[in-house]
Amino acid sequence: MGSTFDPLLTPADDSAAVTLTQDDLKRIAAYKAVEYVESGMVVGLGTGSTAKHAVSRISELLREGKLRDIIGIPTSTTTHVQAISLGIPLSDLDSHPVVDLSIDGADEVDPALNLVKGRGGSLLREKMVEGASKKFVVIVDESKLVKHIGGSGLAVPVEVVPFCCNFTRGKLEELFRGAGCKAKLRVKVGSGGGETAAVTDNGNYVVDLYLERDIGDLDAASEAILRLPGVVEHGMFLGMATTLIVAGKFGVTVKDRFG
Ligand SMILES: O=C(CO)[C@H](O)[C@H](O)COP(=O)(O)O
């Protein structure tokens, strides 16, 4: 692991170095990741407040002529809209089934580079695009590092079909009863204050698994979730990240899975 601060990536005002916001750290990690992008690449564009900095940086480098012939594969409609507005040429996995490099954020990262993703609800498209990538660079600020998956108190999201979603929610809770699991259907609050189920880009719902204790063998947990009828995909990204870039108060750390 190396640790450096790139002055080009920190805010212009030196005095701000001690008061970097979480968003500054996200931007720093994102800019570092874009250094891996080369002209001619098919690039998976992640979703979220960290990934959006990477998308902006790619468009900046395209405008400056420092990158050429990039094809972006967006992982959500939100990222699609952002990339279109910035003039990044886009395609999809049907036309480009092999992606050279994907860059995306995460909600949690464990020491083995296993991830939890999907707080933004884009886990299915993210897993499809990032699973098709030769390299998957994960970008986080240091608050995302955990000792074990589920360790930050945030949920492990599971995308489920709307049909009898409460039945599927109950089955998921039962599956991880030993880990003190509470499974909740994700809702969004409307302008009038009423709650409705949050709907993903794929027309599905999300059940969030809140875990009191370690769920143990992650591969076994993954298989058990995917075996449940009604489940579409879950937000544990196991063994997928090839590189992790962490920005913290004391610098940027790059960790390669195979390095
Ligand atoms: O998985 C995701 C969206 O589905 C995001 O990458 C994850 O939630 C991290 O988001 P942010 O960078 O905003 O913290």
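For clarity, every value in this text was computed on a predicted model and none was experimentally measured.

### Thoughts on the pairing of strand β3 (residues 71–74)
In the sheet, strand β2 (residues 42–45) pairs with β3 via 4 bridges, with the strands oriented parallel. Directly across from Val43, in β3, lies its bridge partner Gly72. Following the chain from β2 across helix α2 (residues 51–63) to the adjacent parallel β3, one finds a crossover that is right-handed.

### Here we look at the confidence of the model for the protein
Within the protein, residue pLDDT values average 93, and 93% of them lie at 70 or more. Across residues 1–17 the pLDDT falls below 50, and counting only partners more than four positions away or on other chains, this stretch makes 31 contacts in the model. Prediction confidence for the complex, expressed as pTM and ipTM, is 0.92 and 0.98 respectively.

### Examining the pattern of salt bridges
Scanning the entire structure with this criterion turns up 12 salt bridges. As a salt-bridge pair, Asp24 and Arg27 come within 3.6 Å of each other at their nearest N and O atoms. Within this pair, Asp24 and its partner Arg27 are both found in helix α1 (residues 22–34), separated by 3 residues, close to a single helical turn. Considered together, Asp24 and Arg27 belong to a single accessibility category, that of buried residues. A salt bridge links Glu212 to Arg213, with the nearest nitrogen and oxygen atoms 3.5 Å apart. For Arg213, a relative accessible area of 44% gives the class partly exposed. By sharing partners, the salt bridges in this structure join Asp104, Lys117 and Glu126 into a single network.

### A look at the packing of α1 against α2
Running from N to C, α1 and α2 point in directions that differ by 50 degrees, and their axes come no closer than 8 Å. As judged from the angle between their axes, α1 and α2 are oblique. You can see that α1 and α2 cross each other, and the crossing is right-handed. Facing Asp23, Lys26, Arg27, Ala30, Tyr31 and Val34 of α1, the residues of α2 in contact are His53, Ala54, Arg57, Ile58, Glu60 and Leu61. When its residues are assigned to classes, the contact of α1 with α2 shows 6 nonpolar, 1 polar and 5 charged.

### With respect to unusual backbone geometry
Unlike most non-glycine residues, Asp69 shows phi in positive territory, near 55 degrees. Along the polypeptide, Asp69 turns up in the loop between α2 and β3. One non-glycine residue, Leu113, adopts positive backbone phi at about 70 degrees. Counting through the fold element by element, Leu113 comes out in the loop between β5 (108–109) and β6 (115–116). Residue classification places Leu113 among the buried positions, given a relative accessible area of 2%.

### Some points on the domain arrangement of the protein
Considered domain by domain, the protein is made up of domain 1 (2–146 + 239–256) and domain 2 (156–233). Computed from C-alpha atoms alone, the centre-to-centre distance between domain 1 and domain 2 is 26 Å. Counting from both sides, the interface comprises 14 residues of domain 1 and, opposite them, 10 residues of domain 2. Summed over both sides, the interface of domain 1 with domain 2 buries roughly 980 Å², with 56% coming from carbon and sulfur. The largest per-residue losses of area from domain 1 upon contact with domain 2 belong to Leu123, Leu124 and Arg125, which jointly make up 47% of the total buried on that side. Between Lys127 and Glu233 there is a salt bridge, and its shortest N-O distance comes to 3.0 Å. The interface formed by domain 1 and domain 2 holds 6 residue pairs in polar contact (both at pLDDT 80 or more) in total.

### Observations concerning the environment of Gly192
Along the chain, Gly192 turns up in the loop between β10 (187–189) and β11 (195–197). As for Gly192 and Ala106, which are separated by 86 residues in sequence, their C-alpha atoms are 31 Å apart.

### Examining the sheet that holds β6
The strand order across the open sheet formed by 3 strands is β5-β6-β14, and the pairing between neighbours is antiparallel. Each of the sheet's edge strands pairs with one partner strand only, and the pair in question is β5 and β14 (236–237). Inspection of the sheet shows β5 paired to β6 by 2 bridges, in the antiparallel sense. The partner of Val109 across the bridge, within β6, is Leu115.

### Side note on the packing of aromatic side chains
Under the defined criterion, the tally for this structure stands at 0 aromatic pairs. Residue placement shows Arg27 over the ring face of Tyr31; its charged tip is 5.8 Å from the ring centre.

Thresholds, definitions, all that
- Residues numbered from 1 in each chain as written.
- Predicted model: local features only at pLDDT ≥ 70, side-chain atom pairs only at ≥ 80, totals over all residues.
- Heavy atoms only, no water.
- Pairing = 2+ DSSP bridges.
- Helix = DSSP H or I, 4+ residues; strand = E, 2+ residues; numbered from the N terminus.
- Right-handed = clockwise from strand over helix to strand, strands pointing away.
- pLDDT = per-residue confidence, 0-100.
- Contact = heavy atoms within 4.5 Å.
- Salt bridge = Lys/Arg side-chain N within 4 Å of Asp/Glu carboxyl O.
- Buried < 20%, exposed > 50% of the residue type's maximum accessible area, 1.4 Å probe, protein only.
- Axes fitted to C-alpha atoms, helices over the stretch in contact; angles between N-to-C directions.
- Parallel < 35°, antiparallel > 145°, perpendicular 65-115°, else oblique.
- Left-handed = near helix turned anticlockwise from the far one by under 90°.
- Nonpolar A, V, L, I, M, F, W, Y, C, P; charged D, E, K, R; others polar.
- Domains from an automatic or database assignment.
- Buried area = accessible area lost by both parts, 1.4 Å probe.
- Polar contact = N/O pair within 3.5 Å; in protein donor to acceptor, adjacent residues only side chain to side chain.
- Phe/Tyr/Trp six-rings, centres within 6.5 Å; stacked < 30°, edge-to-face > 60°.
- Lys NZ or Arg CZ within 6 Å of the ring centre and 35° of its normal.

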